[in-house]
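Take a look at the letters that make up each chain.
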Amino acid sequence: MSGGRERRAVVIGATSGIGRELARLLAADGYLVGVTGRRADLLGTLRAESPERYVTAAFDAAASDAAERVGALIDRMDGVGLVVLCAGTGHLNPELDAEPELETVALNVAAFTRLAGFVYNYFAGCGGGHLVAVTSVMGLRGSGPAPAYAASKAYQINYLEGLRQRACKRREPVAVTDVRPGSVDTAMMKGEGHFWIASPRRAAEVILRAVRRRRAVQYVTPRWRAVGLLLRAVPRALYEKM
């Protein structure tokens, strides 16, 4: 990778939670970090911590022009070698109201597809790079309380696997990392009965290590890998009664 792009990164969804903490760690590690989110004020407070390390761009990741806005940010930074997709949403929806489900699909499926595809093509066309996306352990099975959320994360997991296969078959120098959090103490964590809860800082530390190692799949925290294996192993008839 030429021209220092490997020390420049974009974090999409950096106004709070995992994305914000990861942006801070990348900046502390010497990266120039482009940060995006809907709230310009929150991006501004992040940039104020280290003005020489951040470039901000306020927009909604679900907007129809979001990919173009990411492209413009990358141009302002003279290219990047790492893009992290942290933007996402989800709702507990036991009543199966349509609006929360459709909002989840709009951001976690439609917007995710637009942005992941754009970033992959950018890296494939400029000599390589690393796409990282935050999915979820919940994407491994369906969820009665949050059907659209679990389904959208399953979509993301399979989409990223498809991109890895594409890169391999086409011999394109694009690394793709699927980050699967379990319980992280963010606004996204709803409901009761959570365990092994990690702070956003701890989650970001695990992700940064995965970035350095170019891991294909990283559970957050690593012990959630055992939960993932267990979820996949539970027979359908038993899982439906859980």
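Keep in mind it's a predicted model, so treat the numbers as computed, not measured.

Reading guide: rules and limits
Residues numbered from 1 in each chain as written. Predicted model: local features only at pLDDT ≥ 70, side-chain atom pairs only at ≥ 80, totals over all residues. Heavy atoms only, no water. Patch = residues over 30% accessible without salt bridge, like charges linked within 9 Å, V, L, I, M, F, W, Y side chains within 5 Å. Areas by Shrake-Rupley, 256 points an atom, 1.4 Å probe, with all protein chains shown as cover. Salt bridge = Lys/Arg side-chain N within 4 Å of Asp/Glu carboxyl O. Lys, Arg positive; Asp, Glu negative; His and termini not counted. Charge placed at Lys NZ, Arg CZ, Asp CG, Glu CD. Helix = DSSP H or I, 4+ residues; strand = E, 2+ residues; numbered from the N terminus. Buried < 20%, exposed > 50% of the residue type's maximum accessible area, 1.4 Å probe, protein only. Phe/Tyr/Trp six-rings, centres within 6.5 Å; stacked < 30°, edge-to-face > 60°. Lys NZ or Arg CZ within 6 Å of the ring centre and 35° of its normal. Expected span 1.5 Å × (residues − 1). Axes fitted to C-alpha atoms, helices over the stretch in contact; angles between N-to-C directions. Parallel < 35°, antiparallel > 145°, perpendicular 65-115°, else oblique. Left-handed = near helix turned anticlockwise from the far one by under 90°. Contact = heavy atoms within 4.5 Å. Pairing = 2+ DSSP bridges.

Novice: What's the story with a positive patch on the surface in this structure? I'm lost.
Specialist: A grouping of Arg202, Arg209, Arg213, Arg215, Arg223 and Arg225 is seen on the molecular surface, where their side chains present a positively charged patch. Among the elements that make up the positive patch, the one with the highest residue count is helix α6 (residues 200–213) (three residues). Looking at where Arg213 falls in the secondary structure, it is placed in helix α6. Exposure remark for Arg213: the relative accessible area of 57% places this residue in the exposed category.

Novice: What exactly am I supposed to notice about the packing of aromatic side chains here?
Specialist: When we look at a pair of aromatic rings, we describe it by the centre distance and by the angle of the planes. If you walk through the whole model with that rule in mind, you get three aromatic pairs. With a centroid separation of 5.9 Å and 80° between ring planes, the pair formed by Phe112 and Tyr159 is classed as edge-to-face. With Phe112 in helix α4 (residues 98–125) and Tyr159 in helix α5 (residues 147–170), this residue pair connects regions lying 47 residues apart in the sequence. In this structure Phe112 comes out as buried when scored by relative accessible area, which is 6%. Through a chain of ring-to-ring contacts, the aromatic side chains of Phe112, Tyr155 and Tyr159 assemble into a single cluster. If you follow Arg7 out to its NZ or CZ, it ends over the ring of Tyr31, 4.3 Å from the centre.

Novice: Is there a simple way to think about helix α1 (residues 17–28) in this case?
Specialist: Helix length check: α1 (twelve residues) gives 17 Å between terminal C-alpha atoms against 16 Å at 1.5 Å per residue, within 8%. Within α1, the full set of buried residues consists of Ile18, Gly19, Arg20, Glu21, Leu22, Ala23, Leu25, Leu26 and Ala27. Positioned one or two residues after α1, Gly30 has a phi angle of 100°, which is positive.

Novice: Sorry, what's going on with the packing of α1 against helix α2 (residues 40–49) here?
Specialist: Each packed pair of helices is defined by two parameters, the angle between the axes and the distance between the axes. Put simply, α1 and α2 touch, their axes get as near as 11 Å, and they point 20° apart. Between α1 and α2, the interaxial angle falls into the category roughly parallel. With respect to the hand of their crossing, α1 and α2 are arranged in right-handed fashion. Contacts from Arg20, Ala23 and Arg24 in α1 reach Leu42, Thr45, Leu46 and Glu49 in α2.

Novice: Sorry, what's going on with the sheet that holds strand β5 (residues 129–134) here?
Specialist: Sheet strands line up and pair through hydrogen bonds in the backbone, either parallel or antiparallel. Pairing is parallel across the open sheet formed by seven strands, whose spatial order is β3-β2-β1-β4-β5-β6-β7. With one partner strand each, in any of the chains shown, β3 (54–58) and β7 (217–220) form the two edges of the open sheet. Ignoring which end each strand starts from, the neighbouring axes of this sheet average 15° apart. Summarising the sheet, strand β1 (residues 8–12) and strand β2 (residues 32–37) pair through five bridges and their orientation is parallel. Among the inter-strand pairings, Ala9 is bridged to a residue of β2, identified as Val33. Helix-sheet contacts for α2 involve β2 and β3, and the interaxial angle to β3 is about 180°.

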